[in-house]
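# Topology and contacts: notes
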Amino acid sequence: MYTELKTYQIIIALLKKYGITHCVLSAGSRNVPFVHSIEEDPEFHCYSVVDERSAGYFALGLAQELNQPVVISCTSSTATCNYWPPVAEAFYQGVPIVVLTSDRDPEMLGQWEDQMIDQVGMYDRHVRKSVNLPIINNHDDEIYCQRLVNEALMELNHHGTGPVHINVPMKSYNNSFNVKTLPEVTKFDRLCLDDSDALWKEKIEKLKKAKRILVTCGQNSFVSSALQESLNEFFKKYNSAVSVEYMSNIEIEEGLNLNVCMDARYVIPKKVKEFLPDIVISFGGNIFAGIKEQFRKFAGEFEHWLVQEDGRVVDLYKSITTIFECKPEYFFQYCVKVTDKDQLNDREYYHGLKNYVDSVVYPDFPYSHVYAIKEMVEKIPSDSILHLSINDSIRITNFFKLNPRIKTYANIGTHGIDGCLSSFLGQAAAGNKQSYLVIGDLAFFYDMNAMRLRHIKNNVHVLLINNEGGSEFYFNHMWKDEASDLHTTARHHTKAEGWVKSNNFIYLSAHDKESMQEALKEFMRSDLDKPVFLEVFTEMKTDSDVIYDFFDLSRPKDVQSETIRRSKEFIKATIGQEKAQKIAGLFKK
């Protein structure tokens, strides 16, 4: 029988998956849930060494002679300190040891709790990886815990060998062993370039059999022609669809932009499940599309393969199973190279998704920030630069079709509003390409000093959407009443005109469709002798409503989904968001 503590259940199950079965155990109370669980399990080989310092050195010698990782486990406080000398020795000799330190309730640190010191990251630079596990209260905590344990165990032999540290906090002493079977856990695989062909081909065989593969392309500042070509060939060979957004800078003829149809305000869970893939392959940086949020609702129902050059674990869909430590060019080229000559994408999954994307209905938008951005971005010529400041600029631009070969940037590594203008001006200064920025008023006024830079060329075109505050807070329903305009949306009545003119920009403005169209004639010219600035005045509430009205035109609806949608809003308003989420979590189980 095993401990009822989920944290240790996950550790034990993963140790088995990694084939780590030799454990050196030191006496104590906090680690009893682990100790008694494994001493009753015939797969484990247990050694008793009371003194932790001696136990660490004993494990070091054992691991060296067995040529495999060994676990050491102790209770909390100074017991963990006594591991320091052997852990340091293991680090410098490159000996793989799993250091399991039991800990107490994190809330009680520094509160004179018995036998408690700060154990988080305590071995510092003398371990290859150190993780502090969560106290598990829900399914998300389980996923997080599983990921952290995998991250630690994978570092035992990643580009060298050495010790790793897993700190295991718990609320109280636990002496209950009432669990007959361990939970199902996922061992993460990491394939490197020097791994055997057999390991790679095992994965490829799985890929060949998959009926639904979705490639999600994250943000890329540079995309090689080799990547474009190999991704295109991959699509032709495998039963796949390719999800792109403009910040990915991937141009593939059959690429699908899922920003509208997978937005949380548009899609329903039934529709997401309808297009759930067997395998998601991701590469690049962050993505903006709501597919990230939507797929997490079905965590574990598909595999996520991450192509990550540094081998880091980025579990954006909470379903990661495999990390390919290589460039995406290599991954897709390899996949194409080992396919059968007659293997072709049956395109069933692609056509299903494409039909869903194409079902979005586009109206004749009224005057708003949506209208202004559409009219500008659709006119940007090929071989230009486009920078999208945060949220609305990115969201709305991805509603529409850009011309080919427009290199697109956005500061979505952090999603901060503080440097969009400066970043754009740096990109524009690097060459002579026509360069366009879509920016909101809060982001612009935050970074307005950049207008004074001496390096600004006449290839610069800045579109400022001035809707007198942060319209994102109307869109995401953070706006509650007029008081919200004081501190949340930061409503204001500031104009950019004086500052823009004083910095020798051509200044244009628009207040309606007619003035917008007239201003665009000058704004889009490529032969101007000065940088140009177009300030478009709209209203936050109207802007938000225009997007929701657009979504309502064609978003999937059925009686059940609409009832659930309305019920969620009612419950949140009645009992609060936190309680509503806890109740929803209980039903998930």
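In this report, the structure presented in the accompanying data block is examined. (Residues numbered from 1 in each chain as written. Predicted model: local features only at pLDDT ≥ 70, side-chain atom pairs only at ≥ 80, totals over all residues. Heavy atoms only, no water.)

### Focus: the pairing of strand E1 (residues 22-25)
Counted only if it meets this: Only protein chains enter the calculation, and the probe is 1.4 Å; a residue is then buried if its accessible area is under 20% of its type maximum, exposed if over 50%, and partly exposed in between. Secondary structure is summarised from DSSP: a helix means a run of H or I of at least four residues, a strand means a run of E of at least two, and numbering begins at the N terminus for each. Two strands qualify as a pair provided DSSP detects at least 2 bridges between them. Viewed with both strands pointing away, a crossover whose connecting path from the first strand over the helix to the second turns clockwise is right-handed.
Along E1, one buried face is formed by His22 and Val24 and the opposite face, lined by Cys23 and Leu25, is buried too. One ladder, built from four bridges, connects E1 with strand E2 (residues 45-48); its direction is parallel. Looking at the pairing, Cys23 lines up with Cys46 of E2. Running through helix H2 (residues 32-39), the crossover from E1 to the neighbouring parallel element E2 is right-handed.

### Observations regarding the environment of Glu151
As a reminder, the rule being used: Any two residues having at least one pair of non-hydrogen atoms within 4.5 Å are treated as being in contact. In protein, a polar contact requires one atom able to donate a hydrogen and another able to accept it; more generally it is a pair of N or O atoms within 3.5 Å, and residues adjacent in sequence count only if both atoms are side-chain atoms.
The topology assignment puts Glu151 in helix H6 (residues 139-154). Judged by relative accessible area, which is 11%, Glu151 ranks as buried. Residues Glu151 and Val131 lie 20 residues apart in sequence; the distance between their C-alpha atoms is 8.2 Å. Aside from chain neighbours lying at most four places away, what touches Glu151 is Lys129 and Val313. Here Lys129 takes part through its side chain, which lies 3.2 Å from a polar atom of the side chain of Glu151. Among the polar contacts made by the side chain of Glu151, one reaches the side chain of Arg147 at a distance of 2.8 Å.

### Looking at the sheet that holds strand E18 (residues 532-537)
Here is the rule we go by: To get an axis, a line is fitted to the C-alpha atoms, and for a helix only the part in contact is used. The angle between two axes follows their N-to-C directions and goes from 0 to 180 degrees.
Strand order across the open sheet formed by six strands is E14-E13-E15-E16-E18-E17, with parallel pairing between neighbours. With one partner strand each, in any of the chains shown, strand E14 (407-409) and strand E17 (506-510) form the two edges of the open sheet. For this sheet, the mean inter-axis angle between neighbouring strands, taken without regard to orientation, is 15°. For strand E13 (residues 385-388) and strand E15 (residues 435-440), the ladder comprises four bridges, and the chain directions are parallel. Residue pairing for E15: Leu388 is matched across the bridge by Val438.

### A word on the sheet that holds strand E9 (residues 240-243)
Sheet strands line up and pair through hydrogen bonds in the backbone, either parallel or antiparallel. Taken in spatial order, the six strands of this open sheet run E7-E12-E11-E10-E8-E9, and their pairing is parallel. A strand with exactly one partner marks an edge of an open sheet, and here the two such strands are strand E7 (189-192) and E9. For this sheet, the mean inter-axis angle between neighbouring strands, taken without regard to orientation, is 20°. Helix H7 (residues 197-209) rests against E7, strand E8 (213-217), strand E10 (279-283), strand E11 (303-307) and strand E12 (320-325) of the sheet, and its axis sits at about 115° to E7. Along the sheet, helix H8 (residues 225-237) contacts E8, E9 and E10; its crossing angle with E9, the most-contacted strand, is approximately 145°.

### Describing the side chain of His461
Counting through the fold element by element, His461 comes out in strand E16 (residues 460-466). On the accessibility criterion, His461 (0% relative accessible area) is buried. Those residues within four positions of His461 in sequence are excluded, and the remaining contacts are Phe424, Gln434, Ser435, Tyr436, Leu437, Phe523, Met524, Arg525 and Val532.

### What about the state of the cysteines?
Basically, it comes down to this: Two cysteine sulfur atoms form a disulfide, by the criterion used here, when they sit within 2.5 Å.
Here the structure, examined in full by the defined rule, presents zero disulfides. Free cysteine Cys192: the closest other cysteine sulfur is in Cys326, separated by 9.0 Å. The buried category is assigned to Cys192, whose relative accessible area is 10%.

### Digging into the environment of Phe288
Position of Phe288 among the secondary structure elements: in the loop between E10 and helix H10 (291-296). Separated by 43 residues in sequence, Phe288 and Glu245 have C-alpha atoms that sit 7.9 Å apart. The residues contacting Phe288, other than those within four sequence positions of it, are Glu245, Met247, Asn259, Asn391, Ile394, Arg395 and His415.

### Quick look at the packing of aromatic side chains
Put simply, the rule reads: Note on aromatic contacts: the rings of Phe and Tyr and the six-membered ring of Trp form a pair at centre separations within 6.5 Å, being stacked when their planes are under 30 degrees apart, edge-to-face when over 60 apart, and tilted otherwise. When the NZ atom of lysine or the CZ atom of arginine is within 6 Å of a ring's centre and also within 35 degrees of its normal, the charge is said to sit over that ring.
Taken as a whole and judged by the stated rule, the model has 36 aromatic pairs. The interplanar angle of 35° and the centroid separation of 5.6 Å between the aromatic rings of Tyr8 and Phe34 together place this pair among those described as tilted. With a gap of 26 residues between them, Tyr8 in helix H1 (residues 6-17) and Phe34 in helix H2 connect regions that are remote in the sequence. The burial state of Tyr8 is the same as that of Phe34; both residues are buried. Ring plane angle 75° and centroid distance 6.0 Å describe the contact between Phe399 and Phe400, whose orientation is recorded as edge-to-face. In this pair, the class of Phe399 matches that of Phe400, namely buried. Among the aromatic residues, ring-to-ring pairing joins Trp200, Phe234, Tyr238, Phe283, Trp305, Phe324, Tyr330, Phe331, Phe332 and Tyr334 into one connected group. Taking the ring centre of Tyr18 as reference, the NZ or CZ of Lys187 above it sits at 4.7 Å. The ring centre of Phe400 lies 5.9 Å from the NZ or CZ of Lys374, which sits over that ring.

### Regarding the packing of helix H13 (residues 369-377) against helix H20 (residues 513-523)
Here is the rule we go by: Here the angle decides the label: under 35 degrees means roughly parallel, over 145 means roughly antiparallel, 65 to 115 means roughly perpendicular, and every other value means oblique. Crossing handedness: left-handed means the near helix sits turned counterclockwise from the far one by under a right angle, and right-handed means the same turn made clockwise. Here the term charged refers only to Asp, Glu, Lys and Arg, the term nonpolar to Ala, Val, Leu, Ile, Met, Phe, Trp, Tyr, Cys and Pro, and the term polar to all other amino acids, Gly among them.
Viewed as axis vectors pointing N to C, H13 and H20 meet at an angle of 30°, and their least axial separation amounts to 11 Å. Of the possible angle classes, the one that applies to H13 and H20 is roughly parallel. The way H13 lies across H20 gives a crossing that is right-handed. In this structure, H13 uses Tyr371, Ala372, Glu375 and Met376 to contact H20, whose residues at the interface are Lys513, Met516, Gln517, Leu520 and Phe523. Here the residues of the contact of H13 with H20 sort into six nonpolar, one polar and two charged.

### Observations concerning the pattern of salt bridges
Spelled out, the test is: A pairing counts as a salt bridge when a side-chain nitrogen of Lys or Arg comes within 4 Å of a carboxyl oxygen of Asp or Glu.
What the rule picks out here adds up to 40 salt bridges. For Glu142, the salt bridge identified is with Lys6, shortest N-O distance 3.3 Å. Residue Glu142 is found in helix H6, and its partner Lys6 is found in helix H1; the two are separated by 136 residues along the sequence. Taking the relative accessible area as the measure of exposure, Glu142 reaches 21% and is therefore partly exposed. Under the relative-accessibility criterion, Lys6 is labelled partly exposed at 30%.

### Examining the environment of Glu202
On the secondary structure map, Glu202 appears in helix H7. Overall, the relative accessible area of 56% leaves Glu202 in the exposed class. Expressed as a C-alpha distance, the spacing of Glu202 and Met524, which sit 322 residues apart in the sequence, is 53 Å.

### Quick notes on the packing of helix H3 (residues 52-66) against helix H5 (residues 84-93)
Where H3 meets H5, the closest approach of the two axes is 8 Å, and the angle between their N-to-C directions is 25°. Between H3 and H5, the angle is such that the two are roughly parallel. Of the residues in H5, those in contact with Arg53, Gly56, Tyr57, Leu60 and Gln64 of H3 are Pro85, Pro86, Glu89, Ala90 and Gln93. Grouping the constituent residues of the contact of H3 with H5 by class yields five nonpolar, three polar and two charged.

### Let's talk about the side chain of Thr75
Mapped onto the elements of the fold, Thr75 is located in the loop between strand E3 (70-74) and helix H4 (78-81). Residue Thr75 is classed as buried on the basis of its relative accessible area, which comes to 6%. Sequence-distant contacts of Thr75, defined by excluding residues within four places in its chain, comprise Ala27, Gly28, Ser29, Arg30, Asn31, Thr80, Ser102 and Gln115.

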